[in-house]
Amino acid sequence: MRPWLLFVLAAACGGGSSPSDEAPPQRAVPTISAIAPREGPDDLEVAKVNGRPVWGSCVRAQVSRGAKTREAALDECIQFELMAQVAEQRGLASDPTVIETTRTEMVSREVAVDFEDKTQKPADLGERMTKWLTDNAWRMHRPDLRASSYARVNVAKDATPEVEATAKALAEKIAAALAGQVGLFPADLKETAERLGKDTGLKLDIQDVKASAQSSLDAPYAEALYTVPEVGRITGPVRTHWGWDVILWNGGLPPKESTRDEIAAEVFPELRRAAFQYWVNGLVKQLGLKIEVDTALLARLEAAS
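As a starting point, this report considers the structure included with it. (Residues numbered from 1 in each chain as written. Predicted model: local features only at pLDDT ≥ 70, side-chain atom pairs only at ≥ 80, totals over all residues. Heavy atoms only, no water.)

What follows covers the overall build of the chain. Regarding its fold elements, the chain presents 10 helices and eight strands. For the chain, the C-alpha atoms occupy an extent of roughly 100 × 55 × 35 Å along the three principal directions. Within the chain, the fraction of its 305 residues that count as buried is 31%. Partitioning the contacts of the chain with sequence separation of at least 6, the portion at a separation of at least 24 is 69%. When the accessible surface of the chain is totalled, it reaches about 19,800 Å², and 56% of it is carbon and sulfur. Charge-centre separation for the chain: the mean point of 37 positive side chains lies 1 Å from the mean point of 44 negative side chains. (Helix = DSSP H or I, 4+ residues; strand = E, 2+ residues; numbered from the N terminus. Buried < 20%, exposed > 50% of the residue type's maximum accessible area, 1.4 Å probe, protein only. Contact = heavy atoms within 4.5 Å. Areas by Shrake-Rupley, 256 points an atom, 1.4 Å probe, with all protein chains shown as cover. Lys, Arg positive; Asp, Glu negative; His and termini not counted. Charge placed at Lys NZ, Arg CZ, Asp CG, Glu CD.)

Phi angles above zero are rare outside glycine, and Asn50 is one such case at about 55 degrees. Within the secondary structure, Asn50 is located in the loop between β1 (45–49) and β2 (52–55). For Asn50, a relative accessible area of 67% translates into the label exposed. You will see that Asp199, though not glycine, has its phi angle at about 65 degrees, which is positive.

Turning our attention to the pairing of β2. Across four bridges, β1 lies against β2 in antiparallel orientation. Bridging from a neighbouring strand, Lys48 pairs with Pro53 of β2. Counting the residues in the hairpin turn of β1 and β2 gives two residues, including Asn50, whose phi is positive at 55 degrees. (Pairing = 2+ DSSP bridges.)

This brings us to the sheet that holds strand β4 (residues 145–154). Read from one edge of the open sheet, four strands run β5-β4-β7-β6, paired in antiparallel fashion. This sheet does not close on itself; its edge strands, each paired only once, are β5 (204–212) and β6 (238–239). Pairing analysis gives two bridges linking β6 to strand β7 (residues 243–253), with the strands arranged antiparallel. From the neighbouring strand, Val238 faces β7, where its bridge partner is Asp245. Relative to the sheet, helix α6 (residues 161–178) contacts β4, β5, β6 and β7, its axis offset from that of β7 by approximately 35 degrees. Against the sheet, helix α7 (residues 186–197) contacts β4, β5 and β7, and its axis sits at roughly 160 degrees relative to β5. (Axes fitted to C-alpha atoms, helices over the stretch in contact; angles between N-to-C directions.)

So, on to helix α4 (residues 96–114). Its 19 residues place the ends of α4 27 Å apart at the C-alpha level, agreeing with the 27 Å of an ideal helix rising 1.5 Å per residue. Within the span of α4, buried status applies to Ile99, Val107, Ser108, Val111 and Ala112. Where α4 starts, the residue carrying a side-chain oxygen 2.9 Å from the main-chain nitrogen of Thr97 turns out to be Asp95. (Expected span 1.5 Å × (residues − 1). Polar contact = N/O pair within 3.5 Å; in protein donor to acceptor, adjacent residues only side chain to side chain.)

See the structure below:
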């Protein structure tokens, strides 16, 4: 079972202590029953070990796991019952590790039966998946998405021609220093711009831009970015609405055509996690569970670690 599944469900169903500065009261140590449970009213008692039943369901299970004969399967079940009784006599039924392992398996089984088995494929998420596919239909026709960085020499709208020319000259120097180089990173552009722009009195703006379609960017910026031949190379100086830019293409996603089923499969793990949290919250509401967190004790625990 995935750790995040166990954590969330255990948190939802475990309750909590009442806030208090005092140590929590001692609780009685629980004990795990070592008596094999009957699978159902039709489950037959095929043997006894010290008066305790060995059920036919155990024999069937061992046959399905590879026991060569029914008799061999029965022997395995009897041996298991013997070991269970020995472990019980040695006090392992109240061992914290055994109890926690049992709780873990119990939670794992609950999640498997009531959630995982019912959400095996995208269609199992029903309206949640349908809505996401409708809202994200554009992903079936993903355009070229380019991530970029820029070093901009800012030019105010009311700047004089002399300031405009000085800003352009600095942008040209930055571009010339990096021209022809391949495999550049944003840090390379930043270092070069800051070094050449030092003591010029011009304001530099150095930023990263998330992967974007050409149509969503400022037109001069987009036109320059989308003419760069490969990732890791720069443009020459480009006059945008804000100043003179030197632009680096630093990543992104290529264009891609996908079917509805393909994008459903891609997003399924993410939506399934969201559906799990919704399912847990539904259990809390349905069963009227109360969750309390003792923040004072939690703080003390964190301080001690």
